[in-house]
Amino acid sequence: MIRCEVCRKFSGEPRQPKVGDMVDFTIERGNGRNRRISVRTGKLMLIKSDGYSVIYRQTVYHSDEVSCPDDPSPLTLAFVGMCDCVPLENSHA
């Protein structure tokens, strides 16, 4: 994915990870009052129909979304967003 020159949000399609690749995934921790969300990098062990299994520090985590370390994480995309600019070629047609 690349950043848009106009709005600085991300555009393009993320790379699809394969089993054995290092991927970023989100860990959510906390109790009923506090919630901490962080992104970690682990090894993709299994791709399932309902998510992914990632091993990080000898613990297997199950995640709904993963991303390649070169691409923005789902957490980053949630904060920054995706580009919705109209290409200049189409706006002057």
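Definitions and limits used
- Residues numbered from 1 in each chain as written.
- Predicted model: local features only at pLDDT ≥ 70, side-chain atom pairs only at ≥ 80, totals over all residues.
- Heavy atoms only, no water.
- Phe/Tyr/Trp six-rings, centres within 6.5 Å; stacked < 30°, edge-to-face > 60°.
- Helix = DSSP H or I, 4+ residues; strand = E, 2+ residues; numbered from the N terminus.
- Buried < 20%, exposed > 50% of the residue type's maximum accessible area, 1.4 Å probe, protein only.
- Salt bridge = Lys/Arg side-chain N within 4 Å of Asp/Glu carboxyl O.
- Pairing = 2+ DSSP bridges.

The next point concerns the packing of aromatic side chains. Applying the stated criterion across every chain yields a total of 3 aromatic pairs. Here Phe 25 and Tyr 56 contribute two aromatic rings whose centre-to-centre distance is 6.1 Å and whose plane-to-plane angle is 75°, an arrangement assigned as edge-to-face. One end of the pair, Phe 25, is in strand S3 (residues 22-30); the other, Tyr 56, is in strand S5 (residues 51-56), and 31 residues separate them in sequence. Here Phe 25 and Tyr 56 have matching classes, each one buried. Their ring planes at 40° and their centres at 5.6 Å tell us that Phe 25 and Tyr 61 sit as a pair that is tilted. Note that Phe 25 is positioned in strand S3 and Tyr 61 in strand S6 (residues 59-63), a separation of 36 residues in sequence. Accessibility expressed as a relative area gives 1% for Phe 25, which makes it buried.

If the charged atoms of two oppositely charged side chains come close together, the side chains can form a pair. Tallied over the full model, the rule gives 1 salt bridge. A salt bridge links Glu 28 to Arg 35; the shortest N-O distance between them is 2.9 Å. Given a relative accessible area of 49%, Glu 28 falls into the partly exposed group.

Counting buried positions along S5 yields 5 of 6 residues, so the element is predominantly enclosed. Here strand S4 (residues 35-48) pairs with S5 via 5 bridges, running antiparallel. By the bridge assignment for S5, Lys 43 is matched with Ile 55. Counting the residues between successive antiparallel strands, the hairpin from S4 to S5 contains 2 residues. The sheet contact formed by S5 and S6 spans 5 bridges and is antiparallel. Looking across to S6, one finds that Tyr 56 is bridged to Thr 59. In this structure, the hairpin formed by S5 and S6 is closed by a connection of 2 residues, where Arg 57 is found at a positive phi of approximately 55°.

Moving on, we come to the sheet that holds S4. Strand order in this open sheet of 5 strands is S6-S5-S4-S3-S7, and the pairing throughout is antiparallel. The open sheet terminates on both sides in strands that have one partner only, identified here as S6 and strand S7 (66-67).

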